Amino acid sequence: MVLGTFKGGIHPPVKKELAKDKPIERLEIPDTVYVYMVNHAGAPAKVVVEKDQEVKTGQVIGEPGGFISAFVHSPVTGRVMDIKKMYHPIAGRPVDTVVIQKTAEDDWELLEGHGDYQNMDKKQLLDLIKRAGIVGMGGAMFPTHVKLNPPPEKKIDILIINGAECEPYLTIDYRTMLERAEDLLKGIKIMEKILDVEKVYVGVEDNKPGAIKHLREVFSSENVQIVPLRTKYPQGSEKHLIYAITGRKVPRGGLPMDVGVVVQNVGTVVAIKEAVVDGKPLVERGLTVTGEAVENPGNFIVRIGTPAKFVLDHVGLKDNVERVLFGGPMMGIALRDINIPVMKGTSGITALPAEITRTAVEMPCIRCASCVSVCPMGLQPYLLVKLVQKKRHDDAAKIGLMDCIECGSCAYSCPSKIDHVRYIKLGKTVYKALRGAKK
Ligand code: SF4
Ligand code: SF4
């Protein structure tokens with residue numbers, strides 16, 4: 001059988017063996033949580049609680065700050081100790097943060113109107129998902145109620161569940177597919193009702209045969225096809241997943257809905273089930289804690305706002321730790337402070353020793369074209385770097401600067417150890433700022 005795949009990409013060591021056989025455990029709740037009002041893509045949420053206010057688990061503490069934004073809820077039952085600015089590793093600046101001290105065991109404020117999804121209409125389902133504050137949990141944190149409600153002219157006929165989990169080290173999606181397949185199926189059925197799609201696929205890399213087999217057994221009587229994909233990074237990128245499964249190409253600058261597809265990550269689908277059926281807002285998530293510098297790697301359910309240090313203390317850090325990342329080594333963000341709290345998009349915490357993270361000295365480009373051959377977006381990474389270095393941002397944009405998905409395949413394959421992604425991110429920021437200034 002020919003497995004779905006895409007052009008380009010790389011084969012880094014997957015390192016899934018560190019945590020793939022560890023069942024998901026529920027981590028203890030910390031005494032204090034730090035909840036960012038930027039726990040989603042789009043406009044920051046607006047704080048709606050006050051200092052010293054008592055809050056229940058699941059109570060709204062932040063309301064959407066715009067059309068593309070999301071509700072934020074208290075992950076614990078306790079008291080608001082402070083509302084302050086705290087550094088946010090994705091925004092790269094301090095953002096409003098609600099600090100809550102746990103004072104009691106969970107006293108839940110569940111979502112009004114939850115229950116039997118079969119007796120709900122599209123509007124009710126979307127409203128529950130919106131009020132639950134659900135966002136893309138694969139990392140992008142795009143508000144799910146917006147993604148599930150495309151404009152009427154964009155007819156969606158295919159729903160794809162992203163179980164590729166191509167990022168090295170991470171195994172939470174794999175464990176979720178093994179342990180929560182029934183919840184996954186309910187989440188799929190809810191989305192089928194909302195989108196009225198003709199076909200549902202679950203894409204899983206072929207290095208997870210246990211998940212493929214299990215999902216095929218649980219979903220055997222359903223209109224859901226489990227699609228094994230060739231193991232290759234970045235197979236989990238939306239555009240490459242869509243191409244590998246359907247053969248449809250998302251146009252440059254376009255979105256999956258432009259080709260009639262909606263993609264949702266495995267964790268997001270389970271969160272949808274928990275919101276609609278159980279009434280639970282998104283206040284916790286599954287994540288993998290792994291890496292060669294971790295004593296006891298594993299998969300955990302962690303409350304949003306839990307400091308990374310609290311999680312790392314639980315698994316134990318080895319003395320040789322050099323770098324801690326939110327996410328995996330390819331697309332993760334290096335933490336400059338391990339007190340940074342877990343966000344809705346944090347799919348893993350990876351701690352690595354110096355022998356793995358050691359950064360080599362950048363050498364001049366030797367025009368080997370290795371970066372070109374691996375780029376899954378068909379870009380010329382060496383040229384993008386050169387144009388950004390020369391501050392020719394408009395020219396870089398003309399050859400696809402904004403199409404780069406920051407997968408890092410180019411840097412991984414470069415014999416001169418050029419950190420393309422660093423230049424490309426910088427180039428994008430400057431280009432957007434200049435474009436705004438020219439309006
Ligand atoms: S240029 Fe961007 S999309 Fe292409 S390989 Fe590099 S990081 Fe990935
Ligand atoms: S892989 Fe590195 S050395 Fe080779 S062309 Fe690209 S930037 Fe230059």
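Residues numbered from 1 in each chain as written. Chains lettered and ligands numbered in written order. Predicted model: local features only at pLDDT ≥ 70, side-chain atom pairs only at ≥ 80, totals over all residues. Heavy atoms only, no water.

### Comments concerning the pairing of strand β5 (residues 60-63)
Judged from the 2 bridges that link them, strand β3 (residues 46-47) and β5 form a sheet pairing that is antiparallel. Bridge pairing links V47 to G62 in β5. Taken together, the 2 bridges between β5 and strand β6 (residues 72-73) define a ladder with antiparallel strand orientation. Following the sheet pairing, V60 is matched in β6 by H73. (Pairing = 2+ DSSP bridges. Helix = DSSP H or I, 4+ residues; strand = E, 2+ residues; numbered from the N terminus.)

### Describing the site of ligand 1
Looking at ligand 1, there are 13 residues lining it, with C375, C404, C407, G408 and C410 nearest. For the shell around ligand 1, a count of residues per class yields 10 nonpolar, 2 polar and 1 charged. (Near = heavy atom within 4 Å. Nonpolar A, V, L, I, M, F, W, Y, C, P; charged D, E, K, R; others polar.)

### Digging into the environment of G345
With respect to the element layout, G345 can be found in the loop between β16 (333-334) and β17 (348-353). For G345, a relative accessible area of 14% translates into the label buried. Note: C-alpha distance between G345 and L178 (167 residues apart in sequence) is 21 Å. (Buried < 20%, exposed > 50% of the residue type's maximum accessible area, 1.4 Å probe, protein only.)

### What to know about the packing of aromatic side chains
Taken as a whole and judged by the stated rule, the model has 0 aromatic pairs. Positioned above the aromatic ring of Y423 is the side chain of R422, whose terminal nitrogen or guanidinium carbon lies 4.8 Å from the ring centre. (Phe/Tyr/Trp six-rings, centres within 6.5 Å; stacked < 30°, edge-to-face > 60°. Lys NZ or Arg CZ within 6 Å of the ring centre and 35° of its normal.)

### Section: the sheet that holds β5
Sheet architecture is open: 3 strands sit in the order β3-β5-β6, paired in antiparallel fashion. Looking at which strands have only one partner, the edges of the open sheet turn out to be β3 and β6.

### Section: the sheet that holds strand β9 (residues 158-162)
The strands that make up a sheet pair up through hydrogen bonds in the backbone, lying either parallel or antiparallel. Strands sit in the order β11-β10-β9-β12 across an open sheet of 4 strands; the sheet is parallel. The open sheet has two free edges, formed respectively by β11 (224-229) and β12 (261-265), since each of these has just one partner strand. Pairs of neighbouring strands in the sheet enclose a mean axial angle of 25°, with direction left out of account. Across 6 bridges, the pairing between strand β10 (residues 199-205) and β11 is parallel. For G203, the partnering residue across the bridge sits in β11 and is V227. Where helix α4 (residues 181-195) meets the sheet, it contacts β9, β10, β11 and β12, and its direction lies at approximately 155° from that of β9. (Axes fitted to C-alpha atoms, helices over the stretch in contact; angles between N-to-C directions. Contact = heavy atoms within 4.5 Å.)

### Quick notes on the domain arrangement of the protein
Domain assignment breaks the protein into domain 1 (24-108 + 281-356), domain 2 (114-276) and domain 3 (370-438). For domain 1 versus domain 2, the distance between C-alpha centres works out to 23 Å. With 38 residues of domain 1 at the contact, the number on the domain 2 side is 28 residues. Overall, the association of domain 1 and domain 2 removes approximately 2500 Å² of surface from exposure, summing both partners, and the carbon and sulfur fraction of that is 67%. On the surface where domain 1 and domain 2 come into contact, there are 12 residue pairs in polar contact (both at pLDDT 80 or more). Residue assignment for the side of domain 1 that touches domain 2 shows that the elements contributing at least two residues are β13 (284-290), β14 (298-303) and β17. A total of 6 residues in the side of domain 1 that touches domain 2 trace back to one element, the largest contributor, which is β13. For the side of domain 1 that touches domain 2, the class distribution of residues is 18 nonpolar, 16 polar and 4 charged. (Domains from an automatic or database assignment. Buried area = accessible area lost by both parts, 1.4 Å probe. Polar contact = N/O pair within 3.5 Å; in protein donor to acceptor, adjacent residues only side chain to side chain.)

### Some remarks on the nonpolar core
Counting 69 residues, the largest nonpolar core has L148, I161, V202, L215, F219, V276 and I349 as the members making the most contacts within it. If you tally residues by element for this core, the top one is α4, at 8 residues. When residues of this core are sorted by domain, at least three fall in each of domain 1 (24-108 + 281-356) and domain 2 (114-276). Not counting chain neighbours up to four residues away, the residues in contact with V202 comprise I161, I188, L215, F219, V224, Q225, I226 and V227. (Core = buried A, V, L, I, M, F, W, Y, C linked by side-chain atoms within 4.5 Å.)

### Some words on the site of ligand 2
Around ligand 2 sit 13 residues in total, of which C365, C368, C371, C414 and H420 are the nearest. Here the shell around ligand 2 is built from residues that sort into 9 nonpolar, 3 polar and 1 charged.

### Comments concerning helix α3 (residues 172-179)
With respect to burial, α3 is a largely interior element, 6 of its 8 residues being buried. Within α3, burial applies to I172, D173, Y174, R175, T176 and M177.

### So, the side chain of N39
Looking at where N39 falls in the secondary structure, it is placed in the loop between β2 (32-36) and β3. In this structure the side chain of N39 is engaged in a polar contact, spanning 3.1 Å, whose partner is the backbone oxygen of Y36. A polar side-chain atom of N39 sits 2.8 Å from the main-chain amide nitrogen of K344. In this structure, N39 is in contact with V135, M141, I304, M343 and K344, ignoring residues within four places of it in sequence.

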